[in-house]
Amino acid sequence: MMNIILLVLTAIALFIYTRVLLDDETEEELYSQVAFYEQHIQKGNSPISISPIIDIKIVATKTPTVLKDTMMYDARQKEIELYREISRTIKSSDRYYQIKIRTLIIESEDIFIGIIISFISVLLIAFVILFFINKSRNEKLWAPFFTSLNKLKSFSLESREPIIFESSNIEEFNDLNNRLNALISKINTDYSNLKQFTEDVSHEAQTPLAIMQAKIENIINKSDISDIQYEEFTSIQKDVKRLTQLNKRLIILAKIDNDQFSKPKTIDLKQLITERVEDFEDISENSFQIDHNSKTTIKMDPYLAEVLINNLLTNAIKYSPSKSTIHIKVDGAMVQVANSGAKMISNPDRLFERFYKENSNKKATGLGLSIVSKICSYYGFTCSYRFNEIGKQHVFQIDFI
Amino acid sequence: MKILIAEDELALQQSIKVYLEHDGNVCEIASDFHEAQEKVDLYDYDVLILDINLETGSGLEVLRTLKKNNKKVGVVIISANSSLEDKLEGLDLGADDYITKPFHLAELNSRIKAVLRRGKFGGNDTIIFNEIRIDTRSRTAYVNDKPITLTRKEYDLLLFFISNQGRVLSKEIIAEHLWGDNSDLLDNFDFIYVHINNLRKKMKDTGTRYIKTAYGSGYKFMAE
């Protein structure tokens, strides 16, 4: 704002100064020309008039010297122009000669436009130059900041690569990097503690669960309990079983997090699925249909492969209507498990989250699919869900790429 | 049978002891690593029930001692850790079976009996219960010397019943024995009812005589 006011004031001052300078110069020129003609006439030469610049005529009386502006028609340019005119009367050979000399004045408008154009040009040039200078300076100055920012963007809790922010010679950035280093090392420690905690708690819970289960068995083997008490105890058995399953799943998740499955083997997917399906056929009222177009082998930990297929099948069995058919398709580097369903699930994007349950009636742990997703991300596979509207099927697909 | 229970969790140790003594077994206990080491060194047992994570040392170390001394003991490992490495290491060191906590005592009992049956301890492949005879090598059951055709599950069920004779087996315990972790897929236990009913029918009146209902929904295998 200040700059603009300053710029306008400068332009005005420059305009006035130029105007005055030009006027002075014009006047000086007129005076010198008049003197020149005066001399010319004094020498007895006959005066010549060149309209509209020089106009010499004989007059009766002497008039004082006058300097004024006058408008005259310029036949050549066919317009009225502003002239500065000096008129002086001289005496020569007893005659009075009136000499009028005129010169074109540069109009204020022209000066003004000239000033504005030069100002704008200067400003533009200055702006462009400053822009590039600033840009290159800023790039250099902010380089350490952007390096840190990029490192921060690539940060992931799952990644086992530590992130170290380099020190910079700019104090503020150095400070920022130090803080980030401290923050990230704290996050990593907390996260690994949390993972360890989950595994520890799950392991520690196994023994008390074992004690509970053992005691229940000894109690129901004493003959002095009633049928009702027996029902209560077997119901506790069921809950112990649920807790046990929950624990087992949490342990699997923690173990994957802690990178404890690192013995990949080549697994024949079709064989694995056939084996698992045989197991499930025994306890499920659903029927299974396996399509395999090619021999598919994957390289992964055999235990995790079993867990992966088991969880996909278990999920399909749990959420399909009884006596319906579960379709399993193996094609290239892909496996699909599809079970019947009335409509698309309400929160497909939350499906693979821990403890997310689409249907709260089911006695599910809510961990089965999150284990599937964990195993997939561990090996870089893709797992996805979609609902086939035509076939009314929930389709879970894993791409082993 | 003489059994050593090496388990530092006293409540669990006592429960196992009570359950196993019911069958007339003699149970001794070891509550820490040193006691276990000492007892397997001094005495002879038919079966050792071994917790891997003993408070003062690893159960695997006890196994090494047994192997070094060339003692013939059937070993069943009980562990809170389900990791495959532990299991393989235990079996490598001469353990006969591995069971993860928590487990059903009936399951532990049937595993112990299976370990004892295996030939290497001079055990017997044949189980006899009154008129029932089971050849565990060929997985065939006979009633009054006549073979009966059983499905895999029915055979497992019969063996489980006879191993835990006189005990109340709830449907939860039976389901877990037959289907392991997959048993939580069962919405109800109708499947068990079907298998038990078929088994009873195939064994004719012998089946109905021995497989009894307990507390309305449990089962108990026993002579009259």
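Residues numbered from 1 in each chain as written. Chains lettered and ligands numbered in written order. Predicted model: local features only at pLDDT ≥ 70, side-chain atom pairs only at ≥ 80, totals over all residues.

1. Regarding the overall build of chain A
Filter applied, for reference: In DSSP terms, a helix is any run of H or I states spanning at least four residues, a strand is any run of E spanning at least two, and both are numbered starting from the N terminus. A radius of gyration in this sense is built from C-alpha atoms; the matching globule rule multiplies 2.2 Å by the number of residues raised to 0.38. Note on burial: count the other C-beta atoms lying within 10 Å of the residue's C-beta; 20 or more is buried, 12 or fewer is exposed, in between is partly exposed, and C-beta positions come from the backbone. Here contacts are defined at the residue level, using C-beta atoms placed from the backbone and a cut-off of 7 Å between them.
Regarding its fold elements, chain A presents seven helices and eleven strands. In terms of overall size, chain A is more extended than a compact globule, its C-alpha atoms giving a radius of gyration of 50 Å where 401 residues would be expected to give roughly 21 Å. Expressed along its principal axes, the backbone C-alpha trace of chain A runs to roughly 165 × 55 × 45 Å. By residue count, 22% of the 401 residues in chain A fall in the buried class. For chain A, long-range pairs separated by at least 24 residues make up 62% of all intrachain contacts whose partners lie at least 6 apart in sequence.

2. So, the overall build of chain B
A tally of helices and strands in chain B yields nine helices and 14 strands. The C-alpha atoms of chain B give 18 Å as radius of gyration, which agrees with the globular expectation for 224 residues (17 Å, within 12%). The principal-axis extent of the C-alpha atoms belonging to chain B is close to 50 × 40 × 30 Å. The long-range fraction of contacts in chain B, counting pairs at least 24 apart against all pairs at least 6 apart in sequence, stands at 55%.

3. Structural notes on the sheet that holds strand β2 (residues 66-74) of chain A
Residues and elements named next belong to chain A. Rules: Being paired, for any two strands, means DSSP has found at least two bridges between them. Between N-to-C directions, angles span 0 to 180 degrees; the directions come from axes that are lines fitted to C-alpha atoms, helices contributing only their stretch in contact.
Read across the sheet, four strands follow the order β1-β4-β3-β2 without closing on themselves; strand pairing throughout is antiparallel. Unpaired on one side and paired on the other, β1 (54-59) and β2 mark the two borders of the sheet. Along the sheet, successive strands turn relative to each other by an average axial angle of 30°, direction set aside. Note that strand β3 (residues 79-92) and strand β4 (residues 95-104) share ten bridges and pair antiparallel. The residue of β4 that forms the bridge with Ile90 is Tyr97.

4. Topic: the interface of chain B and chain A
Definition in use: When residues are sorted by character, Ala, Val, Leu, Ile, Met, Phe, Trp, Tyr, Cys and Pro go into the nonpolar class, Asp, Glu, Lys and Arg into the charged class, and all the rest, Gly among them, into the polar class.
With 32 residues of chain B in contact, the opposing surface of chain A contributes 33 residues. Listed by contribution, the elements that provide at least two residues to the side of chain B that touches chain A are α1 (10-21), α5 (105-117) and α7 (171-179) of chain B. No other element matches α1(B), which puts six residues into the side of chain B that touches chain A. Here the residues of the side of chain B that touches chain A are counted per class, giving 17 nonpolar, eight polar and seven charged.

5. What to know about the nonpolar core
Spelled out, the test is: Throughout this description, the term nonpolar core refers to a group of buried Ala, Val, Leu, Ile, Met, Phe, Trp, Tyr and Cys residues whose C-beta atoms join them within 7 Å.
Formed by 65 residues in total, the largest nonpolar core has its most connected members in Ala6(B), Ile16(B), Val47(B), Leu48(B), Ile49(B), Leu50(B) and Val76(B). For Val47(B), the contacting residues outside a window of four places in its chain are Met1(B), Ile3(B), Val73(B), Gly74(B), Val76(B), Ile112(B), Val115(B) and Leu116(B). Core analysis: the second largest hydrophobic core is formed by 38 residues, Phe261(A), Ile309(A), Leu369(A) and Ile398(A) among them.

6. What to know about helix α2 (residues 33-42) of chain B
Because an α-helix completes one turn every 3.6 residues, residues spaced three or four positions apart along the sequence face the same direction. Residue and element names in this part refer to chain B. Stated precisely, the cut-off is as follows: Taken from the helix axis, the directions to the C-beta atoms give the arc we talk about.
Turning to α2, its buried residues number three or more, namely Phe33, Ala36 and Val40. Down the axis, α2 shows its buried residues gathered within 65° of arc, on one side only. For α2, the exposed residues set more than 90 degrees away from the buried face come down to Glu38, Asp41 and Leu42. Buried residues along α2 sit in contact with β1 (2-6), β2 (26-30), β3 (47-51), β4 (53-54), β5 (57-58) and α3 (59-68).

7. Details of the packing of helix α2 (residues 108-153) of chain A against helix α3 (residues 171-220) of chain A
When two helices pack together, their arrangement is given by the angle between their axes and by how far apart the axes lie. Residues and elements named next belong to chain A. The condition that has to hold: With respect to orientation, any angle under 35 degrees is reported as roughly parallel, any angle over 145 as roughly antiparallel, any angle of 65 to 115 as roughly perpendicular, and every other angle as oblique. Should the near helix be turned counterclockwise from the far one by less than a right angle, the crossing is left-handed, whereas a clockwise turn marks it as right-handed.
Between α2 and α3, the least distance of the axes is 10 Å, while the angle of their chain directions is 15°. In terms of orientation, α2 and α3 fall into the roughly parallel class. The hand of the α2/α3 crossing is left-handed. Residues Pro144, Phe145, Ser148 and Leu152 of α2 pack against Phe173, Leu176, Asn177 and Leu180 of α3. The class makeup of the residues in the contact of α2 with α3 is six nonpolar, two polar and no charged.

8. Some remarks on the pairing of strand β14 (residues 218-221) of chain B
On a regular strand, each side chain points to the face opposite its neighbour's, so the side chains alternate between the two faces of the sheet. Residue and element names in this part refer to chain B. Relative to β14, strand β12 (residues 168-169) is paired through two bridges, and the arrangement is antiparallel. Bridge pairing in β14 links Leu169 to Tyr219. Bridging between strand β13 (residues 211-214) and β14 involves four bridges; their strand directions are antiparallel. By the bridge assignment, Lys212 is partnered in β14 with Lys220. Hairpin connection, β13 to β14: the antiparallel pair is bridged by three residues, and Tyr215 has positive phi, about 50°.

9. Details of the sheet that holds β13(B)
Pairing is antiparallel across the open sheet formed by three strands, whose spatial order is β12-β14-β13 (chain B). Two strands in the sheet have a free side with no partner beyond their single neighbour: β12 and β13 of chain B.

10. Looking at the domain arrangement of chain A
Put simply, the test is: An automatic or database domain assignment supplies the residue ranges for each domain.
Domain boundaries in chain A define domain 1 (2-106), domain 2 (186-257) and domain 3 (265-399). The distance between the C-alpha centroids of domain 1 of chain A and domain 2 of chain A comes to 114 Å.

11. Describing the domain arrangement of chain B
Many structure descriptions define interface size as the accessible area lost when the parts assemble. Residues and elements named next belong to chain B. Once the domains are mapped, chain B shows domain 1 (2-121) and domain 2 (126-221). Computed from C-alpha atoms alone, the centre-to-centre distance between domain 1 and domain 2 is 26 Å. Contacts between the two partners involve seven residues from domain 1, matched on the other side by nine residues from domain 2.

12. Some thoughts on the packing of α2(B) against α3(B)
All names here are of chain B. Relative to each other, α2 and α3 sit at 15°, their axes nearing to 10 Å. Taken together, the axes of α2 and α3 lie roughly parallel to each other. As α2 runs across α3, the sense of the crossing is right-handed. Residues Ala36, Gln37, Val40 and Asp41 of α2 pack against Val62, Thr65 and Leu66 of α3. Per-class residue counts for the contact of α2 with α3 are four nonpolar, two polar and one charged.

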